[in-house]
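# Reading the structure
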Amino acid sequence: MPSEKIARIVDARVKDPGAVAAAAARRVRAASPLGEHGRAMIIAADHPARGANGVGDDPHAMADRFELLDRLCVALERPGVTGVLATADILEDLLLLGVLDGKSVFGSMNRAGLAGSVFEIDDRFTGYDAQTIAAMGFDGGKMLTRIALADPATPSVLQHSARAIDELNDRQLIAMVEPFMSVWQDGRIRNDLSTDAVVTSVTIASGLGRRTAYTWLKLPVVDGMERVLSASTLPALLLGGEVTDPDAAFASWGRALKQPTAQGLVVGRSLLYPSNGDVAGAVDKAVSLL
């Protein structure tokens, strides 16, 4: 990222912290979370706040904030990209850079389940809340909701997710719920990506909250997506995760997008850090699936 852009961010943070709220107030909001093609193409960048900085063989790839912002700017400039999902620190940088006009913006809400920690399931809400998302003029909030049947912290996870869903629904903002059935293996949390487990996570997540009119799901693409996407009538966005075989991943995303509840993609590392280094090319290919 050019040094003058970094200086602009730092100068604002040091000398004029109110510039963030001012940038949010003058931002041109998106008419809809769905673009002209009728599908969402959201770039996700909330991984660092959970300590999940690794991409491929580089455990610290996303920890270089200057490079991450540069890649985000490239991605957000591509035709067909409709929005971004991130924590407050990143979204405020992007606001100060002036690159969020016409984009839908989603604030990441719970990041306390630090990657590799003994308390990873106890993913408390340490990021955005519904009140701030509304005040910033954003479109909604995202919550990771991992359900570990053998972990006593799970009821608290469900309760706090339900509360956030209620607060977002009350403000007519999208509650983007990312559910997983998860298990402890060798001292680490692993998400069960079998079809049956993902279906179960969908049915549990769909029932959270006292209202669901503004609830959307953020789901992994696994085998049997017809079953997964038939488990609820809630709109679903497909997450990318870390991709080892780009051609296979893009093909699976394309097949899943044919299901009626699938409304688009939320992809982060696989587009921001493609193996060939071509961020624009990776984003364009993903948009072409829509």
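Here, every reference points to the structure presented above.
Right, let's walk through the structure included here. (Residues numbered from 1 in each chain as written. Predicted model: local features only at pLDDT ≥ 70, side-chain atom pairs only at ≥ 80, totals over all residues. Heavy atoms only, no water.)

## Considerations on the overall build of the protein chain
Within the protein chain one finds eleven helices and nine strands. In terms of overall dimensions, the protein chain is globule-like: its C-alpha atoms have a radius of gyration of 18 Å, near the 19 Å expected for 290 residues. Seen through its principal axes, the protein chain has C-alpha atoms that stretch 50 × 40 × 40 Å. Put simply, the protein chain has 290 residues, and 54% of those count as buried. Within the protein chain, residue pairs in contact and separated by at least 24 positions form 69% of the contacts whose partners lie at least 6 positions apart. Of the charged side chains in the protein chain, 29 are positive and 35 negative, and the gap between their average positions amounts to 4 Å. (Helix = DSSP H or I, 4+ residues; strand = E, 2+ residues; numbered from the N terminus. Rg over C-alpha atoms; globule rule 2.2 N^0.38 Å. Buried < 20%, exposed > 50% of the residue type's maximum accessible area, 1.4 Å probe, protein only. Contact = heavy atoms within 4.5 Å. Lys, Arg positive; Asp, Glu negative; His and termini not counted. Charge placed at Lys NZ, Arg CZ, Asp CG, Glu CD.)

## As for the packing of aromatic side chains
Given two aromatic rings, one states the distance between the centres and the angle between the planes to describe the pair. Using the criterion set out here, one finds two aromatic pairs in the structure. With centroids separated by 5.8 Å and ring planes inclined at 80 degrees, the aromatic side chains of Tyr-128 and Phe-138 adopt a geometry described as edge-to-face. Note that Tyr-128 is positioned in the loop between β3 (104–108) and α5 (130–135) and Phe-138 in the loop between α5 and β4 (140–147), a separation of ten residues in sequence. When its relative accessible area of 0% is taken as the criterion, Phe-138 is described as buried. (Phe/Tyr/Trp six-rings, centres within 6.5 Å; stacked < 30°, edge-to-face > 60°.)

## Here's the deal with the pattern of salt bridges
Evaluation of the coordinates by the stated rule reveals 18 salt bridges. Here Glu-120 makes a salt bridge to Arg-50, at a shortest N to O gap of 3.0 Å. Of the two residues, Glu-120 sits in the loop between β3 and α5 while Arg-50 sits in the loop between β1 (40–44) and α3 (65–76), which places them 70 residues apart along the sequence. Of the two residues, Glu-120 and Arg-50, both sit in the buried class. For Asp-123, the salt bridge is made with Arg-146, and the minimal N-O distance between the two is 3.6 Å. Taken together, the residues span a long stretch of sequence, with Asp-123 in the loop between β3 and α5 and Arg-146 in strand β4 at a distance of 23 residues. Taken individually, Asp-123 and Arg-146 each receive the classification buried, so the pair is uniform in this respect. Several salt bridges converge on common partners, so that one network encompasses Asp-46, Arg-111, Lys-142, Glu-178 and Lys-218. (Salt bridge = Lys/Arg side-chain N within 4 Å of Asp/Glu carboxyl O.)

## Points about the packing of α3 against helix α11 (residues 279–288)
Following both chains from N to C, one finds α3 and α11 inclined at 40 degrees, their axes separated by 9 Å at the closest point. As far as their axial angle goes, α11 and α3 are oblique. In this structure, the crossing between α3 and α11 has a hand that is right-handed. For the pair formed by α3 and α11, the contact residues are Arg-71, Val-74 and Ala-75 on the first element and Val-279, Ala-280 and Val-283 on the second. Tallied by class, residues from the contact of α3 with α11 come to five nonpolar, no polar and one charged. (Axes fitted to C-alpha atoms, helices over the stretch in contact; angles between N-to-C directions. Parallel < 35°, antiparallel > 145°, perpendicular 65-115°, else oblique. Left-handed = near helix turned anticlockwise from the far one by under 90°. Nonpolar A, V, L, I, M, F, W, Y, C, P; charged D, E, K, R; others polar.)

## Focus on the packing of helix α2 (residues 19–26) against helix α4 (residues 88–97)
At a minimum axis distance of 9 Å, the contact between α2 and α4 shows a crossing angle of 70 degrees. Comparing their axes, α4 and α2 come out roughly perpendicular. Handedness of the α2/α4 crossing: left-handed. Of the residues in α4, those touching α2 at Ala-19, Val-20, Ala-23 and Ala-24 are Glu-92, Leu-95 and Leu-96. Split into classes, the residues belonging to the contact of α2 with α4 amount to six nonpolar, no polar and one charged.

## Focus: a nonpolar patch on the surface
On the surface, a cluster of nonpolar side chains totalling about 300 Å² of accessible area is made up of Leu-114, Val-118 and Phe-119. Inspection of the secondary structure assignment puts Leu-114 in the loop between β3 and α5. Residue classification places Leu-114 among the partly exposed positions, given a relative accessible area of 35%. (Patch = residues over 30% accessible without salt bridge, like charges linked within 9 Å, V, L, I, M, F, W, Y side chains within 5 Å. Areas by Shrake-Rupley, 256 points an atom, 1.4 Å probe, with all protein chains shown as cover.)

## Notes on the nonpolar core
In terms of nonpolar packing, the biggest core is built from 75 residues, with Met-41, Leu-72, Leu-94, Leu-265 and Leu-271 touching the most fellow members. Those residues in contact with Leu-271 that lie beyond four places of it in its chain are Met-41, Ile-43, Phe-250, Val-279, Ala-282, Val-283 and Ala-286. Of all hydrophobic cores here, the second largest spans ten residues; its members include Ala-44, Phe-106, Ile-174 and Trp-216. (Core = buried A, V, L, I, M, F, W, Y, C linked by side-chain atoms within 4.5 Å.)

## Points about unusual backbone geometry
Positive phi outside glycine occurs at Gln-172, with the angle close to 55 degrees. If you trace the backbone, Gln-172 turns up in the loop between α6 (154–170) and β5 (174–185). Of note in this structure, Asp-186 is not a glycine but carries a positive phi near 55 degrees. With respect to the helices, strands and loops of the structure, Asp-186 is situated in the loop between β5 and β6 (188–191).

## Focus on the side chain of Lys-218
Residue placement: Lys-218 occurs in strand β7 (residues 215–220). Side-chain polar atoms of Lys-218 contact the side chain of Glu-178, separated by 3.2 Å. Sequence-distant contacts of Lys-218, that is, excluding residues within four places in its chain, are made with Leu-85, Lys-142, Met-176, Val-177, Glu-178, Pro-179, Leu-237, Leu-239 and Val-266. (Polar contact = N/O pair within 3.5 Å; in protein donor to acceptor, adjacent residues only side chain to side chain.)

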